[in-house]
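Commentary on secondary and tertiary structure
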6 protein chains.
Amino acid sequence: MRHDDRQNDELRSIHIEPDYIMHPEGSVLITVGRTKVICNATIEERVPPFMRGQGKGWITAEYAMLPRATAQRNIRESSKGKIGGRTMEIQRLIGRALRSVVDLEKIGERTLWIDCDVIQADGGTRTASITGAFVAMVLAFQKLVENKTIKELPIKTYLAATSVGIHPEYGPILDLCYEEDSTAAVDMNVVMTGTGQFVEIQGTGEEATFSEDQLASLLNLAKKGIRELIDVQKSVIGDIEKAESTENRSEG
Amino acid sequence: MRHDDRQNDELRSIHIEPDYIMHPEGSVLITVGRTKVICNATIEERVPPFMRGQGKGWITAEYAMLPRATAQRNIRESSKGKIGGRTMEIQRLIGRALRSVVDLEKIGERTLWIDCDVIQADGGTRTASITGAFVAMVLAFQKLVENKTIKELPIKTYLAATSVGIHPEYGPILDLCYEEDSTAAVDMNVVMTGTGQFVEIQGTGEEATFSEDQLASLLNLAKKGIRELIDVQKSVIGDIEKAESTENRSEG
Amino acid sequence: MRHDDRQNDELRSIHIEPDYIMHPEGSVLITVGRTKVICNATIEERVPPFMRGQGKGWITAEYAMLPRATAQRNIRESSKGKIGGRTMEIQRLIGRALRSVVDLEKIGERTLWIDCDVIQADGGTRTASITGAFVAMVLAFQKLVENKTIKELPIKTYLAATSVGIHPEYGPILDLCYEEDSTAAVDMNVVMTGTGQFVEIQGTGEEATFSEDQLASLLNLAKKGIRELIDVQKSVIGDIEKAESTENRSEG
Amino acid sequence: MRHDDRQNDELRSIHIEPDYIMHPEGSVLITVGRTKVICNATIEERVPPFMRGQGKGWITAEYAMLPRATAQRNIRESSKGKIGGRTMEIQRLIGRALRSVVDLEKIGERTLWIDCDVIQADGGTRTASITGAFVAMVLAFQKLVENKTIKELPIKTYLAATSVGIHPEYGPILDLCYEEDSTAAVDMNVVMTGTGQFVEIQGTGEEATFSEDQLASLLNLAKKGIRELIDVQKSVIGDIEKAESTENRSEG
Amino acid sequence: MRHDDRQNDELRSIHIEPDYIMHPEGSVLITVGRTKVICNATIEERVPPFMRGQGKGWITAEYAMLPRATAQRNIRESSKGKIGGRTMEIQRLIGRALRSVVDLEKIGERTLWIDCDVIQADGGTRTASITGAFVAMVLAFQKLVENKTIKELPIKTYLAATSVGIHPEYGPILDLCYEEDSTAAVDMNVVMTGTGQFVEIQGTGEEATFSEDQLASLLNLAKKGIRELIDVQKSVIGDIEKAESTENRSEG
Amino acid sequence: MRHDDRQNDELRSIHIEPDYIMHPEGSVLITVGRTKVICNATIEERVPPFMRGQGKGWITAEYAMLPRATAQRNIRESSKGKIGGRTMEIQRLIGRALRSVVDLEKIGERTLWIDCDVIQADGGTRTASITGAFVAMVLAFQKLVENKTIKELPIKTYLAATSVGIHPEYGPILDLCYEEDSTAAVDMNVVMTGTGQFVEIQGTGEEATFSEDQLASLLNLAKKGIRELIDVQKSVIGDIEKAESTENRSEG
């Protein structure tokens, strides 16, 4: 049993509150245990310079933490005058993950901005961001479909992420909170789709290493967790795969 | 009647939720109509270089908006690599206002950081920040008193702020929402104490001017609003003046 | 009597030298006691992006101090790589104040840049900047009228600024020098027009507060001072209100 | 057969030239096909602030490309005034990977800086950097052992990295050149030790996804490639595992 | 005859006004024709890190132009957030030149800061800066001698600078104004001492070249001009060489 | 005899390796003693904004050192977030020197970028950069002539650079290595053409001065050295002056 009475393969309690902030096209507050992230989606009617003229859209993400999202206050990146390496890594990861399940041609020359702002952190902020950002993105695209800006939802499948790791005491565990994360020897973030395909695997043994067998157990835990996360997403945004195929039929 | 059915001298609905974020020493979510600001207070066990060795504390504030706190997405100041003039003006104002009601000698060589992060904006974010920051600050200092780090609450009196302005249609009005603010000819932010003293008056007629009589009506509106805001603060943090005097007595 | 033998309601000696620098369209050296500011006005034949296509002009100001304008050498903001909060506050104030007395539609899609460079500082640099900048601006617009670029002077009325404050020893005083400013409990900058209207009131009690009565005395001192400052402006640029009305008549 | 006549499981030609630059404590030029990276190791006699007083050392890496290392000229990051996200990701990866095979306690309060400068790029620059950096690091530590600054080589095992990917035409392939990399659907960088343990797995399907079976083939290719890379390392720095155990014996 | 009726070997009118700004330890306004530079000298009671503990002083210079010192308004370097290459070149040159005539051991562990701020530019601003800075520096050191902080003037000899160039119409000319400078094929800045030694020669043929004979004529013009500039310096600061030797005698 | 057995008027061994890096239009590795610089030339099909519409080309240079090109590791300018004064001075010098021997009208609206990256430094890196950059530039232009983008080589003559200085022990010497450079009283960089004309003379006596006679000896040494450097350039790129005149003839 883990210190918070979870099984090794048990997620923390998950909640996704849609329409959390009034202005964005899509907005959720995702709560994963004590980690809370506001995910806002903005539709911009143009693409960045490197994408112009291709008739395709783009998806980009930004990630930040409030200074006191953590136990110690962090200096704001705006005060430092630059964005740190960890932040860049995370926002690149979120953007890449979202793009893998979107048909960019279907959104036209538009940019979807995803802003993930962690207001309270207790481990797993990047994976919570991806899971929440997917829902905020779908909400924004659903709005575009409703107002007939685009013909159909450009989403291929669900997308969610979780962390897994090897804990010196518990062994392989799912969905690490901060305390577990800071003592784990190996830490892996996994992003998967609704069809069980991998999108990203980022496994790292900071000052440690791991074997093929350990890798296999970690991936199994991740698959279980992501299936459950996608169930929560479905309870918020409905069955987008069915919706899409119906829509496709009515197009025919 | 204003577009949201308020009287000219009527505040929007105010709510202050204490202990909103788990990590900070003091934390509130203040809601003023549709404006929502998270105010977090951090105690740091040292003062900035220019204050060292004086046996006194310091209070400093930072202010930011989430990119989609507003109708249009704003570029993050961390991405721009610098903090804008408006942000600087606001955070200097918040810090100055808080310091005016604190006895800095009573907090020892400590810094109180106040972080005001606007998660949803509909006008009046800087005055909501001051009103909420005061409560977060008191919560943090109460914790220091409780754990006997400091002997008594270093607060002289309550502190709150509101905006007033001259609207082309409604005339002088209290607590402007974004739509009112963007059409008002004159805009004034007023910070006052629980004893009815002024701390800051910032009145500006962007491309307009105002007379002495107009100034007088604006200040009257502000006084009324601030009295009501302080009542809300009292409902959250209790009667700190009484508390303090009691404590003083027990010291005697 | 104050330490420099002034009455409480007495300005320091004021001098405005027109055409101080040869290149700018308008240029003055304003001397307020020992404070000296070069105010240069530049006409640029375009407006910033957010103003384009509206057929209106724009006015923007920049403010800086030479490193040894002050008793201690200040690090240049160019060396620091960023502009400080105090500088931003001041340049925003100067721009806003000037725009309040200019009919932006009459200057067409042009930008007036005002550069206020303090070469010697002894308190009141921001208010001296506004008073001097107004003259430099009028000189530049007079040149545009002379060479028939614009039809008439786009100025609605005079504009000047001064500081007032509450000194622990002298009480309410007008036009604070540096020594007075650094000991004053309350410090207020007031910008007014030639018709006695307020443009900006920025009153602040850094670690102090002030009552309504004190506010009234401060505003009275400011009104007296600003009337005298406008007299000095008139001696340099003539009676622009008469000039304008004459011109208007000949337009009729 | 691939366009350069390689088998799917075949590395490009590998060459590691030791002592390439005269000043650094350790220096190699690593050539992987047409990719060329200078890896320089510097020993600094102190650790960064967050490591002070722990009696342990630190390893940190920097990575850069010459502007014309690539087909199109890249703007220097020094000219942009900031380091891009890709660069940050890579230098964090290199540092993390190296630290996983070093006993930081054995190097005392010293920092090992690794500078990886790509002078010619043709895909796989980050994995070539890791493979080369390991050798430069060992050369630098060998010098410390020789001059008796440290007692024994603080290296636990060999470390090398390669890329694998799924190519639309060739299927799963080892050691992608630039052309292959830019057409591959899935791209994975793998860092492994001399004992066959994983250190990092970074697999990403930019706008694509991959299955468990595909993951398995990719990891097999990576293992084969890394074994061969370690053989090349051994030909340059000798058998450090044996050396170490011998040394340990002679210590006994 | 040149367009301003000067002979080819004639300086513009030179004026050096001492004690121009009240706060600095040394201050002059130097006027060379229509070029005007404020040169302020500051004594700081410490040296930069790389000079600490050597018992010697340091001299460093900064140079800037007001935005409208020139015919076109320049963007402030503080707004750009960085100092341009031209500015850096000039401030390095001024610092190097001043250090060549100062005995740094005699000033103890102090830094002399020289700030050269061009308020009006018409060519030759860097050489006017050096000539003026030398006087401001001597004034500051004289103050240190007067208040017995240092025993004797640490100046070895006078120092002045001028520009020479080859003009397509006039041939080799002395002390180029802006118009001449912008049409000259070759442009050379020369810094010399009171004893006729060279300190700096910076000759450049932007998109042109020059012969040995041309170099010889240019250096002759420079020598004549610098002798005359030093005469002007002497009229302000007196005969420092005699002063120094007298002082030395009285020390004996 | 110097410490490396050279005569006072003797260059270090010089080697220029053409086509060093595969991607650039022109590329060399220049070796001057132990100083090694990669010089890459890039042709860009547009000019910077200030040159547009003039039908002429532009040449610009960038210069950098690898962190361990030197005995002590230098912090990267990309990490500092800004380019230092020394770097700016050098890249401005290289660009200016190259432009002096190119007929910019003959290259059309194109920019030639020269990147000089010092991989190993032992004094004279800026002059080695110029000498190598000239060859890289000619190689790039020869490619443009070959593929008929431009009609003829736009080069007027050869261009090379060296350093000379006055050493306290050896007297005037040619081509200073780092050790000589750091002890020399006077240091001069000279850029000359194939026709024996001066392009740049930058002589500086850091904390020292020099006489006319010393200047004459230094220039003589420089002339000898530059003639020899141009001989090495000819062995790599052939006789461009003859080539050009032949080509001109065939144009007739």
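Residues numbered from 1 in each chain as written. Chains lettered and ligands numbered in written order. Predicted model: local features only at pLDDT ≥ 70, side-chain atom pairs only at ≥ 80, totals over all residues. Heavy atoms only, no water.

With an unreviewed UniProt entry as reference, chain A is termed Ribonuclease PH, source organism Scopulibacillus daqui. Quoted verbatim from the Subunit (unreviewed entry) field of UniProt, the annotation for chain A is "Homohexameric ring arranged as a trimer of dimers." Quoted verbatim from the Sequence similarities (unreviewed entry) heading of the UniProt record, the comment on chain A is "Belongs to the RNase PH family." (UniProt positions renumbered as here; feature names shortened; annotations may be inferred.)

1. Remarks on the relation of the copies chain D and chain F
Screw-axis analysis of chain D against chain F gives a translation of 0.0 Å along the axis, an RMSD of 0.0 Å, and a rotation angle of 180°. Here the symmetry operator amounts to a two-fold rotation axis. A symmetric contact is evident, with 100% of the interface residues of chain D recurring at the interface of chain F. (Least-squares fit on C-alpha atoms with pLDDT ≥ 70 in both. Contact = heavy atoms within 4.5 Å.)

2. Side note on the sheet that holds strand E5 (residues 111–120) of chain B
Residue and element names in this part refer to chain B. The strand order across the open sheet formed by five strands is E1-E2-E3-E5-E4, and the pairing between neighbours is mixed. One side of each edge strand has no neighbouring strand; the edge strands of this open sheet are strand E1 (14–18) and strand E4 (58–65). Each strand axis lies, on average, 20° off the axis of its neighbour in the sheet, ignoring direction. Direction of pairing for strand E2 (residues 26–32) relative to strand E3 (residues 35–44): antiparallel, over a ladder of seven bridges. Bridge pairing in E3 places Leu29 opposite Ile38. Of the strands in this sheet, E4 and E5 touch helix H2 (residues 85–99), which is tilted by about 145° from E4. (Pairing = 2+ DSSP bridges. Helix = DSSP H or I, 4+ residues; strand = E, 2+ residues; numbered from the N terminus. Axes fitted to C-alpha atoms, helices over the stretch in contact; angles between N-to-C directions.)

3. Things to note about the UniProt feature "domain: Exoribonuclease phosphorolytic" (unreviewed entry) in chain A
Using the residue numbers shown here, the UniProt feature "domain: Exoribonuclease phosphorolytic" (unreviewed entry) corresponds to residues 10–140 and 158–225 of chain A. Span residues 158–225 of chain A is 29% helix and 41% strand, its end C-alpha atoms 14 Å apart.

4. Focus: the interface of chain C and chain B
Opposite the 33 residues of chain C that make contact, chain B presents 33 residues. Summed over both sides, the interface between chain C and chain B buries roughly 3000 Å², with carbon and sulfur atoms accounting for 49% of that surface. Sorting the residues of chain C by area buried against chain B places Glu89(C), Phe198(C) and Glu207(C) first, and these three jointly supply 19% of that buried surface. Summed over the shared surface of chain C and chain B, the number is four salt bridges. Its salt-bridge partner being Glu89(B), residue Arg92(C) comes within 2.6 Å of it at the nearest N-O pair. Viewed at the interface, chain B and chain C are joined by 16 residue pairs in polar contact (both at pLDDT 80 or more). Going through the elements one at a time, helix H2 (85–99), strand E9 (198–204) and helix H5 (212–237) of chain C are the ones with two or more residues in the side of chain C that touches chain B. (Buried area = accessible area lost by both parts, 1.4 Å probe. Salt bridge = Lys/Arg side-chain N within 4 Å of Asp/Glu carboxyl O. Polar contact = N/O pair within 3.5 Å; in protein donor to acceptor, adjacent residues only side chain to side chain.)

5. Describing the state of the cysteines
Among covalent bonds in proteins, the disulfide is the one between the sulfur atoms of two cysteines. Summed over all chains, the structure comprises zero disulfides over all chains. In this structure Cys116(A) is a free cysteine whose sulfur lies 4.1 Å from that of Cys39(A), the closest cysteine sulfur available. (Disulfide = S-S within 2.5 Å.)

6. Brief notes about the interface of chain D and chain F
Between chain D and chain F, the residue contacts involve 33 residues of the former and 33 residues of the latter. Interface of chain D and chain F: buried area, both sides summed, is about 2900 Å²; carbon and sulfur atoms make up 52% of it. The interface formed by chain D and chain F contains 12 salt bridges. Asp115(F) is paired through a salt bridge with Arg76(D); the nearest N and O atoms lie 2.8 Å apart. Run the count over chain D and chain F and you get 23 residue pairs in polar contact (both at pLDDT 80 or more). At the level of elements, strand E3 (35–44), strand E4 (58–65), helix H1 (77–80) and strand E5 (111–120) of chain D are the ones that each hand at least two residues to the side of chain D that touches chain F.

7. Things to note about the pairing of strand E5 (residues 111–120) of chain E
Residues and elements named next belong to chain E. In terms of residue burial, E5 counts as a mostly covered element, since 10 of its 10 residues are buried. Examined bridge by bridge, strand E3 (residues 35–44) and E5 share nine bridges and lie antiparallel to one another. The partner of Cys39 across the bridge, within E5, is Cys116. Bridging between strand E4 (residues 58–65) and E5 involves eight bridges; their strand directions are parallel. Directly across from Met65, in E5, lies its bridge partner Val118. (Buried < 20%, exposed > 50% of the residue type's maximum accessible area, 1.4 Å probe, protein only.)

8. Section: the confidence of the model for chain A
All names here are of chain A. Mean pLDDT over chain A stands at 93; residues scoring 70 or higher make up 96%. A low-confidence stretch, residues 244–252 (pLDDT under 50), is modelled with 11 contacts involving residues beyond four sequence positions or located in other chains. Among the scores for the predicted complex, ipTM is 0.93 and pTM is 0.89. (pLDDT = per-residue confidence, 0-100.)

9. Considering helix H5 (residues 212–237) of chain D
Given a rise of 1.5 Å per residue, 26 residues ought to cover 38 Å, and the 37 Å separating the end C-alpha atoms of H5(D) matches this to within 8%. Count one or two residues on from H5(D) and you reach Gly238(D), which has phi positive near 80°. (Expected span 1.5 Å × (residues − 1).)

10. Focus on the arrangement of the chains
The two partners chain C and chain D share no contact, and the minimum distance between any of their C-alpha atoms is 11 Å. One thing to see here is that chain A and chain E don't touch, and their nearest C-alpha atoms sit 11 Å from each other.

11. Remarks on the packing of helix H3 (residues 125–146) of chain D against H5(D)
All names here are of chain D. Where H3 meets H5, the closest approach of the two axes is 11 Å, and the angle between their N-to-C directions is 25°. On the basis of the axis angle, H3 is roughly parallel to H5. The two elements H3 and H5 cross, and the hand of that crossing is right-handed. Listed contacts from H5 to Thr131, Phe134, Val135, Val138, Leu139 and Gln142 of H3 are Leu229, Gln233, Val236 and Ile237. (Parallel < 35°, antiparallel > 145°, perpendicular 65-115°, else oblique. Left-handed = near helix turned anticlockwise from the far one by under 90°.)

12. A closer look at the side chain of Ser129(A)
Position of Ser129(A) relative to the elements: it lies in helix H3 (residues 125–146). From its side chain, Ser129(A) meets the backbone oxygen of Thr125(A) in a polar contact 2.7 Å long.

13. What to know about the UniProt feature "binding site: phosphate" (unreviewed entry) in chain A
The UniProt record annotates "binding site: phosphate" (unreviewed entry) at Arg86(A), Gly124(A), Thr125(A) and Arg126(A). Spanning 41 residues, the named residues nonetheless gather at one spot, since no C-alpha pair among them exceeds 13.4 Å. By the element assignment, Arg86(A) lies in helix H2 (residues 85–99). A relative accessible area of 33% places Arg86(A) in the partly exposed class. Discounting chain neighbours no more than four positions away, the residues touching Arg86(A) are Tyr63(A), Met65(A), Thr125(A), Arg126(A) and Arg92(D). Within the structure, the side chain of Arg86(A) is placed 3.1 Å from the side chain of Tyr63(A), a separation counted as a polar contact. If you trace the backbone, Thr125(A) turns up in helix H3. Side chain to side chain, Thr125(A) and Tyr63(A) meet in a polar contact 2.6 Å long.

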